[in-house]
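# Geometric and topological summary
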Amino acid sequence: MQPFKKLEAVALPLTRANIDTDQIIPARFLQKPRVNDFGAYLFRDLRFNKDDSKRPEFILNQSEYVAAKIVVAQRNFGCGSSREQAVWALYDYGVRAVLAPSFGDIFYSNSLKNGLLPIVLPADVIDAILETLARQPGAKIVVDLEQQCVRAPGLAEQAFEIAPFSKHCLLTGMDELDYTLTHADKIAAFVRQYEANPFS
Amino acid sequence: MSAKLRPKTLFEKIWSKHRILEREDGQELMFVDTHMLQDGSAPAFEMLRQRKLTAHSPERAFGTPDHYIPTNSRNLMDLADPESRAMAESLDRDTKAAGIQFIGLQDQRQGIVHVIGPEQGWTRPGLLMVCGDSHTSTHGALGALAFGIGTSEVAHVVATQAIWQRRPKTMRITVDGTLATGVSGKDIILAIIAKIGAAGAVGHVIEYAGSAIRNLSIEGRLTICNMSIEAGARAGMIAPDENTFAYLAGRPFSPKGEQWDRALAYWRTLPSDPGARFDREVSLNAQDIEPMLTWGNSPEDAMPVTSRIPDPATIADPQRRAVVERMLGYMGLTAGMALTDVRVDRVFIGSCTNSRIEDLRSAASVAKGRKVAAGVEAWVVPGSGLVKAQAEAEGLDKIFVAAGFQWRFAGCSMCLGVNGDLVAAGKRCAATSNRNFVGRQGPGSRTHLMSPATAAASAIAGHLADARALVNAAA
């Protein structure tokens, strides 16, 4: 996993709630091997027509936002299907952080395992950022993981919460599975005790 | 009061039993009793191969293909797309290489993983179960703690038989009273999601309680817990009771003999203690619940069958108004029209939500002696080979076929269409599945969610329909 420390980048405002993972990547791309560029499938049916021509009305096709590395959206971003490919699509496109008032639980967890930083901010703060981005298309936002803060033009610095272990993994690129494997003895001890008393 | 005496919820009892260790940041490493694998697992096994990791406890897993399989035959070669075929083939290869039990297409026990888990007795009270599929919440209907995970987590569980979790909050949803005739578990859960919203339970595990839940069959409970994820919940659960125990008795993987007696004694200790505290409480009256259908592109957009399509002009909040306008445009609906005036092109009775024997009986009772409307293509896709066999033993297949439904083989099928079972752009489908998202059943497809009885009634009528008129009138 690539480490994430600090990022200043164009932010893509998606003024919608409940952006489900079927929107982020339609199911027909889930069978593609991971070596593919999943960025090509990101918001596929919103970005492209059936004949692969671009849909100019979709915001990611507008020139100010093509280089976006941050997504700002309303509540429940990444709800629905558990498909980790939704994170891969965002990541491969170049997105490294998503700001929203809430996330689908599984999407949130998947993001942390792939170097994509999900940031929960209060709904009124998200609304203010979205308004700023509407007034200043292509405006940049600063996301600082070390300091746990977000800076958007014209707004006070916003602190955000993240679990210290998740933060550590993102900052260093450390993998959770490697960490768990260092506890193999504790898992083995648990299993012995558990299997001796399955019904208590 | 000591921790031992403090009243505990069903969730807390299972949680504390499975906790291996706690990390400094409060996340806990949880032991996984049962890992269910379906044919979306190929990328997870690829991750394991790259890291040269093997299965920690292959005997605690099983796999079955359900997404990437044809439902017009049991021959993978009938899948048009070789990449789809490769997904089902990979699961066969990967599970065998790992020593994990595999239930293949030629095995009558094959089916949707969330149907066969309970059916085989793999799903039991008190277990912690995971699967790389968001509808894993289904299994909570038998009193298990079950939740969906991502690909990296599937690899993690195969390699360690454990998973890191932040302890979720708890929410109790109490549904008391008696359901009206023609109202089912599907209508209850759609009414709940309409009430609390698609993000209403984010970060929570829901326990469904109350007399209406206790009086439901296991099939009805599975439907309710299945759609917990559509309210944003991590999991949904229902306290195990005599219905649960009767359902599990004699299942192939249920404990036997003295083990059964010990298990039963343990299971009886699991229901939430009187006075146990939940972080949130929600309640509904069962008698207020009517047959429910969705009109928009989120499961929260559900309304009684007697309703009219919302009119954006009457919505004060400009953001919500814009959302409703966009959804009406996508769905091809006119503000103010009656739901029951909406014509349908396709009908899909199936999916991990509603493909069990009781669902098929319910749909068949509506279809019996009637005909699918001209121009409507209606499918019934049983949840497993065993559900299919049971339905055929009861003659339900003949009722469906005589009415003009297609009677197909088990699989996820048209719920998400990755096997090619798709709804064409602009076409409208009355579906018993769980998601009405934009493009869910295929690019440009329009999905309305409903119960099996409502879907069958819609197939007969050719438009969204109230099944109660047909249920009450003997055909």
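Look up: the structure comes first, before these words.
Our subject in this report is the structure included herewith.

In terms of helices and strands, chain B carries 16 helices and 19 strands. A compact globule built from 475 residues should have a C-alpha radius of gyration of about 23 Å, and chain B, at 22 Å, falls within 12% of that. In terms of overall dimensions, chain B has a C-alpha envelope of 55 × 55 × 45 Å along the principal axes. Per-residue burial over chain B gives 60% buried out of 475 residues.

Each partner contributes to the interface: chain A provides 40 residues, whereas chain B provides 52 residues. Broken down by secondary-structure element, the contributors of at least two residues to the side of chain A that touches chain B are helix H1 (21–24), helix H4 (105–112), helix H6 (164–172), helix H7 (176–181) and helix H8 (184–196) of chain A. Of the residues in the side of chain A that touches chain B, the class split is 14 nonpolar, 14 polar and twelve charged.

Residues and elements named next belong to chain B. The alternating pattern of strand S7 (residues 145–148) places Leu 145 and Phe 147 and Ala 146 and Gly 148 on opposite faces, both of which are buried. For strand S6 (residues 128–131) and S7, the ladder comprises four bridges, and the chain directions are parallel. In the strand pairing of S7, Val 130 is matched with Phe 147.

Our focus in this paragraph is the nonpolar core. If you look at the biggest cluster of nonpolar residues, it comprises 206 residues, and the most contacted ones within it are Ile 70, Val 72 and Leu 99 of chain A together with Val 347 and Ala 456 of chain B. Among the elements that make up this core, the one with the highest residue count is helix H6 (residues 185–196) of chain B (eight residues). The contacts of Ile 70 of chain A, once residues within four sequence positions are left out, are Ala 9, Ala 11, Leu 12, Val 95, Ala 97, Leu 99, Ile 141 and Val 143 of chain A.

This brings us to the packing of H6 of chain B against helix H8 (residues 218–226) of chain B. Residue and element names in this part refer to chain B. Remark: H6 packs on H8, axes separated minimally by 8 Å, with the N-to-C direction vectors making an angle of 25°. When the axes of H6 and H8 are compared, the pair comes out roughly parallel. Note that H6 runs across H8; the crossing there is right-handed. Within the contact between the two elements, H6 uses Gly 185, Lys 186, Ile 188 and Ile 189 and H8 uses Gly 220, Arg 221, Thr 223 and Ile 224.

Attention shifts here to helix H15 (residues 452–461) of chain B. With respect to burial, H15 of chain B is a largely interior element, ten of its ten residues being buried. One or two residues past the end of H15 of chain B sits Gly 462 of chain B, with phi positive at roughly 85°.

Counted residue by residue, H4 of chain A has eight buried out of eight residues, so it is predominantly covered. Every buried residue belonging to H4 of chain A is among Asp 105, Ile 106, Phe 107, Tyr 108, Ser 109, Asn 110, Ser 111 and Leu 112 of chain A, and all of these are buried. Along its buried surface, H4 of chain A packs onto H1, helix H3 (85–93), strand S4 (117–120) and H6 of chain A together with S7 and helix H5 (151–160) of chain B.

Residues and elements named next belong to chain B. Pairing in this open sheet of five strands is parallel, and the strands run S5-S4-S3-S6-S7 from one edge to the other. Here the strands that pair on one side only, and so sit at the sheet edges, are strand S5 (101–102) and S7. As defined by bridge partners, strand S3 (residues 34–37) adjoins S6 across three bridges and the pair is classed as parallel. Note that in S6 the partner of His 35 across the bridge is Val 130.

All names here are of chain B. Ordered by their spatial adjacency, three strands build an open sheet running S1-S2-S8, and the pairing between neighbours is antiparallel. On the outer flanks of this sheet lie strand S1 (19–22) and strand S8 (162–165), each paired with one strand and no other. Going across the sheet, the axis of each strand differs from the next one's by a mean of 25°, ignoring polarity. Strand direction decides the pairing type here: strand S2 (residues 28–31) and S8, joined by four bridges, are antiparallel.

Definitions and limits used
- Every chain's residues receive numbers from 1 upward, in the order its sequence appears when written.
- Lettering for chains starts from A, numbering for ligands starts from 1, and both go in the order in which the items are written.
- The model is predicted, so local features are restricted to residues of pLDDT at least 70 and side-chain atom pairs to those at 80 or more, both for listing and for counting; the totals for chains, interfaces and linings are taken over all residues.
- Each helix is a run of DSSP H or I of at least 4 residues and each strand a run of E of at least 2, with the numbering of both proceeding from the N terminus.
- C-alpha atoms define the radius of gyration, and 2.2 Å times the number of residues to the power 0.38 defines the globule rule.
- With C-beta atoms placed from the backbone, a residue counts as buried when 20 or more other C-beta atoms lie within 10 Å of its own, as exposed when 12 or fewer do, and as partly exposed for counts between those limits.
- Each residue gets a C-beta atom placed from its backbone, and two residues are in contact if those atoms lie within 7 Å.
- Only Asp, Glu, Lys and Arg are considered charged in this grouping, and only Ala, Val, Leu, Ile, Met, Phe, Trp, Tyr, Cys and Pro are considered nonpolar; every other residue, Gly among them, is considered polar.
- In this scheme, strands are said to pair when DSSP sees at least two bridges between them.
- The term nonpolar core refers to a group of buried residues, namely Ala, Val, Leu, Ile, Met, Phe, Trp, Tyr and Cys, whose C-beta atoms join them within 7 Å.
- Axis definition: a line fitted to C-alpha atoms, limited for helices to the stretch in contact. Angles are taken between N-to-C directions and run from 0 to 180 degrees.
- Angle categories are assigned with fixed cut-offs, so that under 35 degrees is roughly parallel, over 145 is roughly antiparallel, 65 to 115 is roughly perpendicular, and the rest are oblique.
- By definition, any crossing whose near helix is turned counterclockwise from its far helix by less than a right angle is left-handed, and any crossing with a clockwise turn is right-handed.

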